[in-house]
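# Residue-level structural notes
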Amino acid sequence: GLGAVPPPPGQAERPPGSPSPQPSSPVPAVSPAEIAEAVEVEEGPSSSSSAFASASAPSQGSGSRKRSPDDLSLLCELPPREAEAVGLALEQWGRLRLRVKALEPTLRREGALVQEILDTGLRDENRRTLRKLTQSSAGGDVEETIQQVGKAIGANRERLERILERNHGELVRLSTTAVSDMKEDVLREVDEVLARLKHALAAVRGELLGAKERADMTAVRRTGRSFNDLKGLVRRLDEERRLITRNSALAALLVTVCRRVLPVRQVDPAALRDIPASCEGYRRIMDFYFFTDAGLYFFGDYPSGPNWFVRLKRNVAILLVRDKSGRTLYNHFAVSGEHRAPGAPLAPDGGPLRSMEAKDEHGRVFNRQHDAEFKLLSGFCTAHMASQSSASFVGATGTLWSRKPLCASCLGAVRQVRGMFPQLDLSVSVGALSSSENGGSCAVSSREPSVVCCTDSARAAAAVGCVDSAREATAAGCVDSA
């Protein structure tokens, strides 16, 4: 790309075979190969480990010593402005070392899950073939690919189904912690470092091209070594970034392939009983409906095909009421929504409770009659209004657990239920995590119509629909007044 060195200004190209003139200011005779050598990127051994070294001062030597696997320092000089920017970027990368180290157990676990899935017959399939199954088209090529991959799985189909079912529980448990968000934060900061390095690389490249145009070969060699060094760092950081993302990218591909190839699970909804009003109960629901037909049981994730529960848009709630002897008076779960929502049925028009319009997390205002919490509270009231007596609920306790914060309408429904059943000790919990799962727990309230949320960290709380301040609670509709 750099080409041969042009003749100095004012000197015409000599005809072939004519003697070389003696210039008054000699230019060093440098061949195109030497120029290419000056700007050729030093490959060196690339590091596949997750070691991240702190940035050190640039080396002042003009040699091109090899970089050790842990070394992310500059080996050549840079112009002052670029040197400062690159030094700050490498210092930032060095500070990421402990955060990346903390991700290693998760990355190893992800890698083991991916390898276990690949071992069921997908390992020998070309990645391009598998990516065909991510296409939304139902054309002949895709159908042929589905048959081809299904044939490759062959007798391993049941084994693959068991692996997915067993590992899905692990994925659900991971989704209630801040691991995914931690990885996202690390990647965001890595991208900042890469952006700074690439900006400096572009500036050095401009200086290199300028030196080439001036035929200043001393500057070409010096700037070329700096360009090589900086480009090697960018390549190293790109490789380290791929170490963080490759399992996730491959797992997403394999999940899509499995959803296209494997049949949906058939379940009897009546078999799901004794559901704790907690995160554990929520996980049991997710495990029970895993890989079932989303066309029949819609949780707001995939609209069709097997349920995988990646990004649930609909809320899930659980209500458990026991009398003073521990006997279950009511236990059910519900999913928000009017159509294809599993769990408790819709609250009837003109039922025992009154809903109202309220904002959702996106600021949209609509009647909340089909909220999961409202369905459950209405179902409980309908089942027990006829047999209500003061003595029957003395000492009775109930817990309403919700994955998302309650809106003003559902909080109003809680107050209505407490008014109808004054002897019932009804508490409300939102995304409550046990201390072993998230380093903290949240006690549930018993009498006040407030929502108790885990506040171990803002990001962990957001991952399970919790709020950790009065300001966020108000924004989410978690207000204590109608």
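Source: prediction; values computed, not measured.

Reading guide: rules and limits
- Residues numbered from 1 in each chain as written.
- Predicted model: local features only at pLDDT ≥ 70, side-chain atom pairs only at ≥ 80, totals over all residues.
- Heavy atoms only, no water.
- Helix = DSSP H or I, 4+ residues; strand = E, 2+ residues; numbered from the N terminus.
- Contact = heavy atoms within 4.5 Å.
- Phe/Tyr/Trp six-rings, centres within 6.5 Å; stacked < 30°, edge-to-face > 60°.
- Buried < 20%, exposed > 50% of the residue type's maximum accessible area, 1.4 Å probe, protein only.
- Lys NZ or Arg CZ within 6 Å of the ring centre and 35° of its normal.
- pLDDT = per-residue confidence, 0-100.
- Salt bridge = Lys/Arg side-chain N within 4 Å of Asp/Glu carboxyl O.
- Axes fitted to C-alpha atoms, helices over the stretch in contact; angles between N-to-C directions.
- Left-handed = near helix turned anticlockwise from the far one by under 90°.
- Nonpolar A, V, L, I, M, F, W, Y, C, P; charged D, E, K, R; others polar.

Turning to the side chain of Ser-409, a few remarks are in order. Tracing the chain through its elements places Ser-409 in helix α11 (residues 408-420). Among residues more than four places away in sequence, those in contact with Ser-409 are Ser-355, Met-356, Ala-358 and Arg-368.

For the structure on display, the rule yields 13 aromatic pairs. Ring plane angle 75 degrees and centroid distance 4.9 Å describe the contact between Phe-299 and Phe-309, whose orientation is recorded as edge-to-face. Of the two residues, Phe-299 sits in the loop between α9 (279-288) and β1 (316-322) while Phe-309 sits in the loop between α9 and β1, which places them 10 residues apart along the sequence. Phe-309 matches Phe-299 in its accessibility class, with the two residues each being buried. Between Phe-380 and Phe-421, the ring centres sit 5.0 Å apart and the planes meet at 50 degrees, which makes this aromatic pair tilted. Note that Phe-380 is positioned in helix α10 (residues 372-384) and Phe-421 in the loop between α11 and β6 (425-430), a separation of 41 residues in sequence. Taken individually, Phe-380 and Phe-421 each receive the classification buried, so the pair is uniform in this respect. Members of the aromatic cluster, joined through ring pairs, are Phe-288, Tyr-289, Tyr-297, Phe-299, Phe-309 and Phe-333. Between Arg-259 and the ring centre of Tyr-302, over which it is positioned, the NZ or CZ distance is 3.6 Å. Above the plane of the ring of Phe-298 lies Arg-340, whose end atom (NZ or CZ) is 4.6 Å from the centre.

Take the confidence of the model for the protein chain next. Confidence in the prediction for the protein chain averages 74 pLDDT; 69% of positions are at 70 or higher. Note that pLDDT drops below 50 for residues 16-64; the model gives that stretch 78 contacts with residues more than four away or on any other chain. When the criterion is pLDDT under 50, residues 174-179 qualifies, and its contacts beyond four places in sequence or with other chains add up to 11 contacts.

Now for the pattern of salt bridges. Using the criterion set out here, one finds 12 salt bridges in the structure. One salt bridge connects Arg-364 with Asp-360, and the closest N-O pair in it is separated by 2.8 Å. Asp-360 gets classed as buried once you look at its relative accessible area, which sits at 5%. Among the ionic contacts, a cluster of salt bridges with common partners joins Lys-101, Glu-104 and Arg-108.

This brings us to the environment of His-370. Mapped onto the elements, His-370 comes out in the loop between β4 (365-367) and α10. Looking at His-370, the relative accessible area reads 23%, which means it is partly exposed. For the pair His-370 and Pro-348, spaced 22 residues apart in sequence, the C-alpha separation works out to 9.6 Å. Excluding residues that lie within four positions of it along the chain, His-370 makes contacts with Ser-336, Gly-337, Glu-338, Leu-346 and Lys-375.

Attention now moves to the packing of helix α3 (residues 97-122) against helix α8 (residues 217-261). Across the interface, α3 lies against α8 with an axial gap of 9 Å and an inter-helix angle of 35 degrees. Remark: the crossing between α3 and α8 carries left-handed chirality. Across the interface between the two elements, Leu-103, Leu-107, Glu-110, Gly-111, Val-114, Ile-117, Leu-118 and Leu-122 from α3 touch Leu-243, Ile-244, Asn-247, Ser-248, Leu-250, Ala-251, Leu-254 and Val-257 from α8. Looking at the contact of α3 with α8, its residues break down into 12 nonpolar, three polar and one charged.

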